[in-house]
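Spelled out from the first residue to the last, the chains are:
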Amino acid sequence: MLISESIEDKAFAAVEKIVIHTPMPPSSILSGRKNGEIRLKLENLQKTGSFKLRGAYNKLRNLTPEEKKRGVIAASAGNHAQGVALAGKMLGIKARIFMPETAPKTKVEATAEYGAEVVLVGKNFDETKQAAFGEAKKTGEVFVSPFDDLDVIVGQGTIGTEILQDWPEVDNLIVPIGGGGLISGIALAVKKVKPEIQLIGVQAYGVHGMISSIWNNQLVENRTNRTLADGCDVALAGELTYDILKDYIDETVLVEEQEIRDAIEYLLKKEKVLAEGAGALSTAAILSGSLDHLLKGKKTVAVVSGGNIDIELLKSLV
């Protein structure tokens, strides 16, 4: 899929003014274990605690004056909610956020604190999305997709640009997948500059709609269980993100729930990094051993996409 370079350039120029250029420290422990150079891209230190502000801000800034007056509506398990809420606050746009009834309390409270109206509906993200989309049709509010929107995708891709700025020699990028917005944006940002980079996507065994779609060469739904990676609990990926990713992804990895637990604990205890389940997926893939053949002797970045973990959950895990 081809997109105008100016779209990416404009997105980066706008987004870099309002986000944190997050650090990417080396992990001496993982590097030693895997006989390669491994760094962690710490988007858990981003404003709102995840990468989602990037795409939300880029989407909202591109709305027409009439659309801004109508306000926006979004569906999210938590991180997109906070990103849209803060972007709306920054740009003076009213935001209404639909969240699953199972959303972590910390994410619900944080979204409300940013000034958005929160509506709890649905047992999972897919039910919540349908409710929000239906409401937007009735009210005229602009629906802001958490992943299946070009402005959102390109906004998330600013992470890829930062990675190349900080470490142009990088060989591998390991990225969590939910609906595919993050990894698709990163793909568009890095593959045009360095097409030989290995793009590795990670999902949980319990929910892996995008990876199932890649394997089947068509969009398919996949959910057999809930996952600790609630930010990536998306059974059916986006059409646009799938269309981008099927041409760019190089490797896929599925991880078990225990491996996600172990990664959260590892990051906290050894790296002093607080990560939520989705944010720990890349590290879980590394610790699982599934990628050892790609990591040895190579330069690798693992994206820690978010740190908004429920405190009670964290207590039970560690």
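Here, every reference points to the structure presented above.
Residues numbered from 1 in each chain as written. Predicted model: local features only at pLDDT ≥ 70, side-chain atom pairs only at ≥ 80, totals over all residues. Heavy atoms only, no water.

K.L.:
Explain the side chain of Glu8 to me, using residue names and the numbers behind them.
P.N.:
You can see Glu8 is positioned in helix α1 (residues 5-15). A distance of 2.4 Å separates polar atoms of two side chains, one belonging to Glu8 and the other to Lys192. (Helix = DSSP H or I, 4+ residues; strand = E, 2+ residues; numbered from the N terminus. Polar contact = N/O pair within 3.5 Å; in protein donor to acceptor, adjacent residues only side chain to side chain.)

K.L.:
With reference to specific residues and values, describe the packing of aromatic side chains.
P.N.:
Under the definition given, this model contains one aromatic pair. Considering the side-chain rings of Phe133 and Phe143, the 5.4 Å spacing of their centres and the 85° angle between planes classify their relative orientation as edge-to-face. Highlighted residues: Phe133 in helix α7 (residues 125-139) and Phe143 in strand β5 (residues 142-144), separated in sequence by 10 residues. One residue, Arg39, lies across the ring of Trp167, its end atom 3.9 Å from the ring centre. (Phe/Tyr/Trp six-rings, centres within 6.5 Å; stacked < 30°, edge-to-face > 60°. Lys NZ or Arg CZ within 6 Å of the ring centre and 35° of its normal.)

K.L.:
Would you mind going over the sheet that holds β5 in detail, with residue names and values included?
P.N.:
One open sheet holds the four strands; their spatial order is β4-β3-β2-β5, and the pairing between them is parallel. A single partner strand is all that each edge strand has here, and the edge strands are β4 (117-120) and β5. Across the sheet, the mean angle separating the axes of adjacent strands is 25° when strand polarity is ignored. One ladder, built from four bridges, connects strand β2 (residues 72-75) with strand β3 (residues 95-99); its direction is parallel. If you follow Ala74 over to β3, its bridge partner there is Ile97. Along the sheet, helix α5 (residues 79-91) contacts β2, β3 and β5; its crossing angle with β3, the most-contacted strand, is approximately 175°. (Pairing = 2+ DSSP bridges. Axes fitted to C-alpha atoms, helices over the stretch in contact; angles between N-to-C directions. Contact = heavy atoms within 4.5 Å.)

K.L.:
Before we move on, can you summarise the packing of helix α10 (residues 181-191) against helix α12 (residues 239-248) with the specific residues and values?
P.N.:
Interaxial distance between α10 and α12 falls to 9 Å at its minimum, and their mutual angle equals 50°. Classified by the angle their axes make, α10 and α12 are oblique. Two packed elements cross with a definite hand, and for α10 against α12 that hand is left-handed. Across from Gly181, Ile183, Ser184, Ala187, Leu188 and Lys191 in α10, the residues of α12 making contact are Thr241, Ile244, Leu245 and Tyr248. Tallied by class, residues from the contact of α10 with α12 come to six nonpolar, three polar and one charged. (Parallel < 35°, antiparallel > 145°, perpendicular 65-115°, else oblique. Left-handed = near helix turned anticlockwise from the far one by under 90°. Nonpolar A, V, L, I, M, F, W, Y, C, P; charged D, E, K, R; others polar.)

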